Amino acid sequence: MLKYTNTAGKPCKWYPVCPMKRFFEEGKLDTKWIAAYCLGHWERCIRYQMEESNRYHPDHMLPDGSLDESLV
Ligand code: SF4
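Residues numbered from 1 in each chain as written. Predicted model: local features only at pLDDT ≥ 70, side-chain atom pairs only at ≥ 80, totals over all residues. Heavy atoms only, no water.

Caption draft 1: Structural view of the site of the ligand. Contacts to the ligand come from Cys12, Tyr15, Cys18, Met20, Tyr37, Cys38, Trp42, Cys45, Arg47, Tyr48 and Pro63. Among the detected pockets, the ligand sits in the largest pocket. At the level of elements, helix 2 (31-38) and helix 3 (46-52) are the ones that each hand at least two residues to the shell around the ligand. Here the shell around the ligand is composed, by residue class, of 10 nonpolar, no polar and one charged. (Near = heavy atom within 4 Å. 1 Å grid on protein atoms, 1.4 Å probe; cavity = no way out; pocket = protein on both sides within 12 Å on 5 of 7 lines; lining within 4 Å. Sits in = over half its atoms within 2 Å of the grid points. Helix = DSSP H or I, 4+ residues; strand = E, 2+ residues; numbered from the N terminus. Nonpolar A, V, L, I, M, F, W, Y, C, P; charged D, E, K, R; others polar.)

Structural data, given as structure tokens:
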């Protein structure tokens, strides 16, 4: 069971529609990303920051901004 690593006790507002959630549920993404960002400090997520400012970012971009070609 995943636990929140933030004090807000809620996930990133984009989590329900974020490809990271889908990749995680498909077993393609390490739990650490979800724990650290989606259920943690989402404001540090590059995807989040780009979403907030309407900047394009590919589905295979990880929360730290790096690209994971295995997710293409
Ligand atoms: S990857 Fe980033 S934008 Fe997507 S749900 Fe997680 S914190 Fe939010």
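Caption draft 2: Region of interest: helix 2. For helix 2, the set of buried residues is Trp33, Ile34, Ala35, Tyr37 and Cys38. Looking at the buried side of helix 2, the elements it contacts are helix 1 (19-25). By the N-cap criterion, in which a side-chain oxygen at the helix start approaches the backbone nitrogen of a residue two or three places on, helix 2 is capped by Asp30, the distance to Lys32 being 2.8 Å. (Buried < 20%, exposed > 50% of the residue type's maximum accessible area, 1.4 Å probe, protein only. Contact = heavy atoms within 4.5 Å. Polar contact = N/O pair within 3.5 Å; in protein donor to acceptor, adjacent residues only side chain to side chain.)

Caption draft 3: Structural context of the pattern of salt bridges. For the structure shown, the criterion picks out four salt bridges. Here Glu25 ties to Lys21 by a salt bridge, and the two come within 2.9 Å at their closest N and O atoms. In this pair, Glu25 and Lys21 are both assigned in helix 1, four residues apart and thus about one turn of the helix distant. Taking the relative accessible area as the measure of exposure, Glu25 reaches 54% and is therefore exposed. Note that Lys28 is salt-bridged to Glu26, the shortest N-O span being 3.0 Å. (Salt bridge = Lys/Arg side-chain N within 4 Å of Asp/Glu carboxyl O.)

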